[in-house]
Amino acid sequence: MGRLLALSLLGIALALLGERLLALRNRLKASREVESVDLPNCHLIKGIEAGSEDIDILPNGLAFFSVGLKCPGLHSFAPDKPGGILMMDLKEENPRALELRISRGFNLASFNPHGISTFIDSDNTVYLFVVNHPEFKNTVEIFKFEEEENSLLHLKTIKHELLPSVNDIIAVGPAHFYATNDHYFSDPFLKYLETYLNLHWTNVVYYSPNEVKVVAEGFDSANGINISPDKKYIYVADILAHEIHVLEKHPNMNLTQLKVLKLDTLVDNLSIDPSSGDILVGCHPNGQKLFIYDPNNPPSSEVLRIQNILSEKPTVTTVYANNGSVLQGSSVASVYDRKLLIGTLYHRALYCQL
């Protein structure tokens, strides 16, 4: 009887593991291939060779790039080189990406930038918020951008127990932000287990010097985050659920879910087209290729434009798609004055004139 019970429990466990594995493959879109959608006036940006995971553009056309992200188990083309912040002036005829100097005292050797966001204060001071993973830990760094010197002055490092696995950030004040946690746990093994079991424990956190709180939860893996032009709504990408959540922002900074847009791809960072309010989404058509890197079968890239997301039937258009022959693992797309920038998790970056 004991052996029969043991065999029965083993069979149940194996069936559960098999079901979870199949579900994970579906969440990763492991069988999906993408058809190319080309743009005519594009070139790879010189100086970005190992990823530009996030991009944020100021109203004056200055674009910031978060480069050199490294994560446990993720491929890197420059595993021993620290990350950095690059800048490109999109008002120039032939813009170049230049690395910004960072003030003394900041630990550059362990700089591992992820999501970024800018905030312009009432006195026109520009703050750059950077999700940082020094030694694979989790912090948010706040810098002051000094344009005349092309430099960043480090102001503050933020750590908090409610920020165990920060992915992306949207600044809403000089020391205030919403941030996504893409995992509930910070331990790498527990992260893998959490993803495998599809626990839906990830969340969005609001941070201010006076209050830190969870304002939305229940995501499979909360990823990119942004805010509507009128500041009334927060958009959150749930990468493994292939969804974009629209949440209403309240005066107390709490969020209430308004709607969910389902897509057929892994949605990463979200950017807003300042001229239209459309959402541009950097996507991964096949997540398995992204996480299990094969140079002979590289991860593909995809950029979507979402128009009228608050309507009953938003319009979703593929702006760009590539099978990895040009751009591998697109994570973000940002636009300014008909100039499109596409960044990647660990590969190159693309500049296109629309």
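Residues numbered from 1 in each chain as written. Predicted model: local features only at pLDDT ≥ 70, side-chain atom pairs only at ≥ 80, totals over all residues. Heavy atoms only, no water.

You'll find the protein chain entered in an unreviewed UniProt entry as Paraoxonase, with Balaenoptera acutorostrata given as the organism. In the Subcellular location (unreviewed entry) part of its UniProt record, the protein chain is described as follows: "Membrane". (UniProt positions renumbered as here; feature names shortened; annotations may be inferred.)

Let us look at the pairing of strand β19 (residues 266-272). Along β19, 7 of the 7 residues are buried, which leaves the element largely enclosed by surrounding structure. Bridge count for β19 against strand β20 (residues 279-284) is 5 bridges, and the pairing is antiparallel. Directly across from leucine 270, in β20, lies its bridge partner valine 281. A loop of 6 residues connects β19 with β20, the two strands running antiparallel in sequence, and glycine 277 in this loop sits at a positive phi of about 85 degrees. (Buried < 20%, exposed > 50% of the residue type's maximum accessible area, 1.4 Å probe, protein only. Helix = DSSP H or I, 4+ residues; strand = E, 2+ residues; numbered from the N terminus. Pairing = 2+ DSSP bridges.)

Taken as a whole and assessed by the stated rule, the structure comprises 11 salt bridges. Residues aspartate 278 and arginine 305 are paired through a salt bridge, measuring 3.0 Å at the closest nitrogen-oxygen approach. Placement of aspartate 278 in the loop between β19 and β20 and of arginine 305 in strand β21 (residues 301-307) is noted, with a sequence separation of 27 residues between them. There is no split in this pair, since aspartate 278 and arginine 305 are both buried. Bridged by salt links that share partners, the residues Lys29, Arg32, Asp264 and Glu302 form one connected network. (Salt bridge = Lys/Arg side-chain N within 4 Å of Asp/Glu carboxyl O.)

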